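# Descriptive analysis of the structure
Each chain, written out:
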Amino acid sequence: SKQRLTGQQQEINNLIQRKIAVDEENARLKNEFSNLNQKFKDKSQELKDTEECAQNKEEQNRLLIKNLEEENKGLNTCCADLLNDLEKLRKQEAQWKTEKSGNDARIKNLETDLAEAREQMKELRSICSNLSSQVAVKQEELSQKDCDVIRAR
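All figures in this text were calculated on a predicted structure; none of them were measured in a lab.

Conventions we followed
In this numbering scheme, every chain counts its residues from 1 along its sequence in written order. A pLDDT threshold of at least 70 governs which residues receive local features in this predicted model, and a stricter bar of 80 or more applies before side-chain atom pairs are shown or counted, although totals over entire chains, interfaces and linings include all residues. To get the side-chain values, take all heavy atoms of the structure and skip hydrogens and water. Basic side-chain nitrogens of Lys or Arg form a salt bridge, by our definition, when they fall within 4 Å of a carboxyl oxygen of Asp or Glu. The helix and strand labels rest on DSSP assignments: H or I over at least four residues marks a helix, E over at least two residues marks a strand, and numbering proceeds from the N terminus. Only protein chains enter the calculation, and the probe is 1.4 Å; a residue is then buried if its accessible area is under 20% of its type maximum, exposed if over 50%, and partly exposed in between.

Per the counting criterion, the structure on display carries 11 salt bridges. The salt bridge involving arginine 28 is made with glutamate 25; its shortest N-O contact spans 2.9 Å. You can see arginine 28 and its partner glutamate 25 sitting in helix H1 (residues 2-152), three residues apart, about one turn around the helix. Note that lysine 43 is salt-bridged to glutamate 46, the shortest N-O span being 3.8 Å. Note that lysine 43 and glutamate 46 are positioned in helix H1 at a spacing of three residues, about one turn of the helix.

Laid out in structure tokens, this is it:
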């Protein structure tokens, strides 16, 4: 009977030992679970923050693209206007070149006419000079005759 009690006591001791071991294992697992849970919460927050940041970046990029597209539209309009102005200036330049070549031709003609007029003037001066000489000679002759007529009287 005493041996039986000792056997039971041994069994109880064994059970107590097992319970202590199980309790320690439970405590260890609880601690591990708590740590993992905290890690999970941290990672969840990190993910949420990252997603928010990505959304903000996306919104910023969307606005930036919109602004750039507006600016591009403005620049395209400006380019089109400048090209139109350039085209008008080219037409005007062509017109002026045509007018200039017409004016150049007219100037050349006028210069030719002027040169011819100068030649004619030279000839006329020469003719006038000859005529003046002839008149002087004739006047001299007439004077001589007048004198002769007076003497003859």
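Moving on, there is more to tell.
Attention now moves to the environment of glutamine 10. Considering the arrangement of structural elements, one finds glutamine 10 in helix H1. Glutamine 10 gets classed as partly exposed once you look at its relative accessible area, which sits at 45%. Sequence-wise, glutamine 10 and leucine 142 are 132 residues apart; in three dimensions their C-alpha atoms are separated by 189 Å.

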